[in-house]
Amino acid sequence: MKLTVVGCSGSFPSAESACSSYLVEADGFRLLLDMGNGALGELQRHCGLYDLDAIFLSHLHADHCIDMCAYFVARYYRHDGGRCDPLPVFGPEGTEHRLTTAYADTPTASSMSEVFDFHTVKPSTFDIGPFTVHTERVAHPVEAYGIRLEHEGKVLTYSGDTGVSPALDELARDADLFLCEAAFTHGKESIPDLHLNGREAGETATRAGARRLVLTHIPPWTDPQVNLVDAREVYDGPVELAVPRHTYEI
């Protein structure tokens, strides 16, 4: 698997990064995890506008899904040969309604489904292209899912947005790369079932036995270096900050 960080800012885009979006490739298949604010423009640095094979939305907060509205425009009003075929989109209950409402004026109530083939995510195991996928609901104010991708004996886990969660521990069990949110700062914010801080991300990686930790979804108002230090205090494996356009071979 190849992972490319398309965007990694939390809550809103920074001057350096779009919001959450991660491209995972294997066997020529391209799966996008989330498409937050600013992600669609940045995505085009890494693949063609119509080259995605599937999209997974961890949850329906704007910083993880709102550029799907812009992507609808690109697919619905395509100028070089007509409307695109429906692209598989995996998301929580109500994803189509959420995106239709956010767009506000689609031609018809079913226009989104003309270019997106919506699949409702629940805790389960299924296949997306060459990936074996396991999803579990994690701790967030809205319905939100972490995802575990397996391919040829390798494992990538993406936390989505979550507080401390036993489900996340299991998703990250023995992961080769654990892409984990760390939006809060240890000792500063303490809101249960919302976000992790750097220390909690490190503790999760330790409990799970993850082999590598990459911290992501850090908002512009949070000092990422503090979160990095906090994670390293409780996790002995390699840990780093997600950086836009960086790639990882898994």
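Bear in mind the structure is a predicted one, so any value in this text is a computation, not a measurement.

Enquirer: Got a minute to help me understand the nonpolar core in this structure?
Expert: Nonpolar side chains in soluble globular proteins tend to end up buried together. In terms of nonpolar packing, the biggest core is built from 29 residues, with Leu3, Leu31, Leu33, Phe131 and Leu149 touching the most fellow members. Setting aside chain neighbours within four positions, we find Leu33 in contact with Ser21, Tyr22, Val24, Phe56, Ile147, Leu149 and Tyr158. Of all hydrophobic cores here, the second largest spans 24 residues; its members include Cys65, Ala74, Tyr76 and Met112.

Enquirer: Teacher, can you tell me more about the sheet that holds strand E8 (residues 131-137) here?
Expert: Within a sheet, each strand pairs with its neighbour through backbone hydrogen bonds, oriented either parallel or antiparallel. Read across the sheet, seven strands follow the order E7-E8-E9-E10-E11-E12-E13 without closing on themselves; strand pairing throughout is mixed. Strands with a single pairing partner mark the edges of an open sheet, and in this sheet they are strand E7 (124-128) and strand E13 (239-241). Taken over all neighbouring pairs, the strand axes of this sheet differ in orientation by 20° on average, direction set aside. One ladder, built from five bridges, connects E7 with E8; its direction is antiparallel. Directly across from Ile128, in E8, lies its bridge partner Phe131. Helix-sheet contacts for helix H7 (residues 198-208) involve strand E11 (177-181) and strand E12 (213-216), and the interaxial angle to E11 is about 150°. Lying on the sheet, helix H8 (residues 224-234) is in contact with E12 and E13; it crosses E13 at an angle near 170°.

Enquirer: For this particular structure, what's the right way to read the packing of H7 against H8?
Expert: Between two packed helices, the angle of one axis relative to the other and the distance separating the axes together describe the packing. As a packed pair, H7 and H8 sit with axes 7 Å apart at the nearest point and diverge in direction by 30°. Here the hand of the crossing between H7 and H8 comes out right-handed. Between H7, through Gly198, Arg199, Gly202, Glu203 and Thr206, and H8, the contact on the second element is made entirely by Asn227, Asp230, Ala231, Glu233 and Val234. For the contact of H7 with H8, the per-class residue count stands at two nonpolar, four polar and four charged.

Enquirer: I tried to follow the packing of aromatic side chains on my own but got confused; where do I start?
Expert: Any two aromatic rings considered together are summarised by their centre-to-centre distance and by the angle between their planes. Evaluation of the coordinates by the stated rule reveals ten aromatic pairs. The interplanar angle of 70° and the centroid separation of 5.9 Å between the aromatic rings of Phe116 and Phe118 together place this pair among those described as edge-to-face. Three or more aromatic residues link up through ring pairs in this structure, and these residues are Phe72, Tyr76, Tyr77 and Tyr103. Sitting over the face of the ring of Tyr50, Arg78 holds its NZ or CZ atom 4.1 Å from the ring centroid.

Enquirer: I keep staring at the pairing of strand E9 (residues 145-151) and nothing clicks. Help me out?
Expert: When a strand is regular, its side chains alternate between the sheet's two faces. Of all seven residues in E9, six are buried; the element is thus mostly enclosed. Sheet analysis places E8 next to E9, joined by six bridges and oriented antiparallel. Paired with Arg137 across the two strands is Tyr145, which belongs to E9. In the sheet, E9 pairs with strand E10 (residues 154-158) via five bridges, with the strands oriented antiparallel. Its bridge partner being in E10, Ile147 is matched across the sheet by Tyr158.

Enquirer: How do you make sense of unusual backbone geometry when you look at a structure like this?
Expert: Leave glycine aside and you will find that most residues have negative phi; peptide bonds, for their part, are mostly trans. Despite not being glycine, Asp34 shows a phi value in the positive range, around 70°. As for its position among the elements, Asp34 is in the loop between strand E3 (29-33) and helix H1 (39-43).

Enquirer: How do you make sense of helix H4 (residues 95-103) when you look at a structure like this?
Expert: Because each turn of an α-helix spans 3.6 residues, side chains separated by three or four positions end up pointing in the same direction. Along H4, the residues classified as buried are Thr95, Leu99 and Thr100. Mapping the buried residues of H4 onto a view down its axis gives an arc of 125°, with all of them on the same face. Against helix H2 (62-65), helix H3 (67-76), strand E5 (87-91), helix H5 (112-115) and strand E6 (116-120) lie the buried residues of H4. Two residues or fewer past H4, Ala104 is found with a positive phi of approximately 85°.

Enquirer: I keep staring at the environment of Pro123 and nothing clicks. Help me out?
Expert: For Pro123, the position within the fold is in the loop between E6 and E7. Assessed through its relative accessible area of 46%, Pro123 is described here as partly exposed.

Enquirer: Honestly, the environment of Asp53 in this entry has me stumped. Any pointers?
Expert: Residue position: Asp53 is located in the loop between H1 and strand E4 (54-56). Residue Asp53 is classed as partly exposed on the basis of its relative accessible area, which comes to 28%. Between the alpha carbons of Asp53 and Phe118 there is a distance of 13 Å; along the sequence they are 65 residues apart. For Asp53, the contacting residues outside a window of four places in its chain are Gly28, Phe29, Arg30, Leu87 and Pro88. Reaching out from Asp53, the side chain makes a polar contact with the backbone nitrogen of Arg30 at a distance of 2.8 Å.

Rules and cut-offs
Residues numbered from 1 in each chain as written. Predicted model: local features only at pLDDT ≥ 70, side-chain atom pairs only at ≥ 80, totals over all residues. Heavy atoms only, no water. Core = buried A, V, L, I, M, F, W, Y, C linked by side-chain atoms within 4.5 Å. Buried < 20%, exposed > 50% of the residue type's maximum accessible area, 1.4 Å probe, protein only. Contact = heavy atoms within 4.5 Å. Pairing = 2+ DSSP bridges. Helix = DSSP H or I, 4+ residues; strand = E, 2+ residues; numbered from the N terminus. Axes fitted to C-alpha atoms, helices over the stretch in contact; angles between N-to-C directions. Left-handed = near helix turned anticlockwise from the far one by under 90°. Nonpolar A, V, L, I, M, F, W, Y, C, P; charged D, E, K, R; others polar. Phe/Tyr/Trp six-rings, centres within 6.5 Å; stacked < 30°, edge-to-face > 60°. Lys NZ or Arg CZ within 6 Å of the ring centre and 35° of its normal. Arc of directions from axis to C-beta. Polar contact = N/O pair within 3.5 Å; in protein donor to acceptor, adjacent residues only side chain to side chain.

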